[in-house]
Amino acid sequence: MSGSRVLALGHYQPARVLTNDELATMVDTSDEWIRSRVGIRTRRIAAPDETVASMATEAAAKALAGSGLEPADIDLVLVATCTAVDRSPNTAARVAAELGLPSPAVMDLNVVCAGFTHALASADHSIRAGAATNALVIGVEKFTDVADWTDRTTCVLVGDGAGAAVITAAAQPEIGPVVWGSVPGMGHAVRIEGTPSRFAQEGQSVYRWATTQLPPIARQVCERAGVRPEDLAAVVLHQANLRIIEPVARKLGAVNAIVASDVTESGNTSAASIPLALSKLVASGRVAPGAPVLLFGFGGNLSYAGQVIRCP
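Residues numbered from 1 in each chain as written. Predicted model: local features only at pLDDT ≥ 70, side-chain atom pairs only at ≥ 80, totals over all residues. Heavy atoms only, no water.

Asker: Whenever I open this one, the sheet that holds strand β8 (residues 179-182) confuses me. Can you help?
Answerer: Sheet strands pair by backbone hydrogen bonding; their relative direction is either parallel or antiparallel. Reading across the sheet, the five strands line up as β8-β14-β13-β11-β12 and stay open at both edges, with mixed pairing between neighbours. In this open sheet, the two strands that pair with only one neighbour each are β8 and β12 (258-259). One ladder, built from four bridges, connects strand β11 (residues 234-237) with strand β13 (residues 292-299); its direction is parallel. Paired with L237 across the strands is F296, a residue of β13. Helix α5 (residues 115-128) contacts β8, β13 and β14 (303-310) of the sheet and is inclined by roughly 55° relative to β14. Sheet strands touched by helix α9 (residues 273-284): β11, β12, β13 and β14. Its angle to β11, the strand with the most contacts, is close to 150°. (Pairing = 2+ DSSP bridges. Helix = DSSP H or I, 4+ residues; strand = E, 2+ residues; numbered from the N terminus. Contact = heavy atoms within 4.5 Å. Axes fitted to C-alpha atoms, helices over the stretch in contact; angles between N-to-C directions.)

Here it is as structure tokens:
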């Protein structure tokens, strides 16, 4: 096999919906203020008994069911998250145990908002190298656990959820080459630090970096995949903020693409945002199987990673 492809997707969101109007009773904000600055209308909030592992398992179970594979077929589980509380067993091992996977390699990756696309590339590389045949790749966050509910500039952003993909070996690669990197000297722009951990960011710095530096990198992703931006069927960027998503997609030149905007109803779910938005988009039937889709994650560590995939 010379590459890999996305075989199936799945996602999970908690039942609890937190609206902007309800948030306005908790912190000094308003529906108009939130919509005008970040484009978010609602977000999902996990219940106290819902964990990073339990949400990851729900999404992964749906992806596995849709793939037609058996639990024993999965030999690699990668979980992208920055909000897991427990260190060992890690989240990937907990998911594997819940799903009855007999002996997969299990790893968690923390690249914050770019975590899923890093994990997807790592799964693709493992399959290309012959170290795995079928992988579960999951992005999951309980981001509300690290929210500062007194800071109206950040608490209005966050939401909880999970998205998952089953990746399998393929004779014809359908996951393109990754372009990834970071700006370590600006890592302070997005932080989850302290005890207890709290999310904070320098919003204007992140906005300027994302809208000016990322479009040429996204074009490079397309070039490495041999796809012109105007030929993309869909663009799924990290769902950070509608005011970032829209200009980045426009500057990329993806004039014919559907641009995912799940942030409006799910908020910023960090590593979960791309697989969550992608799973919903594919389930809607708006993107044809085999069509080229750009995935591009960015954020914490001022990290980024992107690849063009073929829609399952």
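And the narrative resumes.
Asker: What's the story with the packing of aromatic side chains in this structure? I'm lost.
Answerer: To describe a pair of aromatic rings, you give the distance between the ring centres and the angle between the ring planes. For the structure on display, the rule yields two aromatic pairs. Taken together, a centroid distance of 5.1 Å and an interplanar angle of 40° make the contact between F143 and F199 tilted. Remark: F199 occurs in strand β10 (residues 198-201) and F143 occurs in the loop between β6 (134-142) and β7 (160-170); sequence separation between them is 56 residues. By relative accessible area, F199 is classed as buried at 4%. Both rings, one in F296 and one in F298, keep their centres 6.4 Å apart while their planes meet at 40°; by these two values the pair is tilted. Given the relative accessible area of 0%, F296 is considered buried. (Phe/Tyr/Trp six-rings, centres within 6.5 Å; stacked < 30°, edge-to-face > 60°. Buried < 20%, exposed > 50% of the residue type's maximum accessible area, 1.4 Å probe, protein only.)

Asker: Looking at this structure, how should I read helix α3 (residues 52-67)?
Answerer: Each turn of an α-helix holds 3.6 residues, which means side chains three or four residues apart point in the same direction. Its 16 residues give α3 an end-to-end C-alpha distance of 23 Å, which sits within 8% of 22 Å, the value for a rise of 1.5 Å per residue. Of the residues making up α3, those classed as buried are V52, A53, M55, A56, T57, A59, A60, A63, L64 and S67. Buried residues belonging to α3 abut β1 (3-12), α4 (91-99), β6 and β7. One or two steps after α3, the chain reaches G68, where phi turns positive at roughly 80°. (Expected span 1.5 Å × (residues − 1).)

Asker: What is the right way to look at the packing of α3 against α4 in this model?
Answerer: The relative placement of two packed helices comes down to the angle between their axes together with the axis-to-axis distance. For the pair α3 and α4, interaxial distance at closest approach is 9 Å and the crossing angle is 55°. Taken together, α3 and α4 sit at an angle that is classed as oblique. Here α3 and α4 pass one another in a crossing that is right-handed. Facing α3, whose interface residues are V52, A53, A56, T57, A60 and A61, α4 presents T91, R94, V95, E98 and L99. Considering only residue class, the contact of α3 with α4 consists of seven nonpolar, two polar and two charged. (Parallel < 35°, antiparallel > 145°, perpendicular 65-115°, else oblique. Left-handed = near helix turned anticlockwise from the far one by under 90°. Nonpolar A, V, L, I, M, F, W, Y, C, P; charged D, E, K, R; others polar.)

Asker: Would you mind showing me how to read the pattern of salt bridges here?
Answerer: Two side chains that carry opposite charge are able to pair once their charged atoms sit near each other. Under the defined criterion, the tally for this structure stands at 11 salt bridges. With a closest N to O distance of 3.5 Å, D86 and R94 form a salt bridge. The partly exposed category is assigned to D86, whose relative accessible area is 43%. Note on R94: relative accessible area 28%, which makes it partly exposed. Residues R228 and E230 are paired through a salt bridge, measuring 3.5 Å at the closest nitrogen-oxygen approach. R228 sits in the partly exposed class, given a relative accessible area of 48%. The structure contains a network of salt bridges with shared partners spanning R191, E193 and E202. (Salt bridge = Lys/Arg side-chain N within 4 Å of Asp/Glu carboxyl O.)

Asker: Which parts of the structure should I look at to understand the packing of helix α6 (residues 203-225) against helix α7 (residues 242-252)?
Answerer: For the pair α6 and α7, interaxial distance at closest approach is 9 Å and the crossing angle is 40°. By the angle class used here, α6 and α7 are oblique. Both α6 and α7 take part in a crossing whose hand is right-handed. Between α6, through V206, Y207, A210, T211, P215, A218, R219 and C222, and α7, the contact on the second element is made entirely by R243, I244, P247, V248, K251 and L252. Per-class residue counts for the contact of α6 with α7 are 10 nonpolar, one polar and three charged.

Asker: Help me out: how do you make sense of unusual backbone geometry in this one?
Answerer: Note: most peptide bonds trans; most residues except glycine with negative phi. Residue P89 is bonded to the preceding S88 through a cis peptide linkage, with omega at -5°. Within the fold, P89 resides in the loop between β4 (76-80) and α4. In this structure, P196 follows T195 across a cis peptide bond, with omega equal to 0°. Along the polypeptide, P196 turns up in the loop between β9 (190-193) and β10. Of note in the backbone geometry, N301 takes a positive phi value of approximately 70° without being a glycine. Although it is not a glycine, L302 adopts a positive phi angle of roughly 45°. Topologically, L302 is positioned in the loop between β13 and β14.

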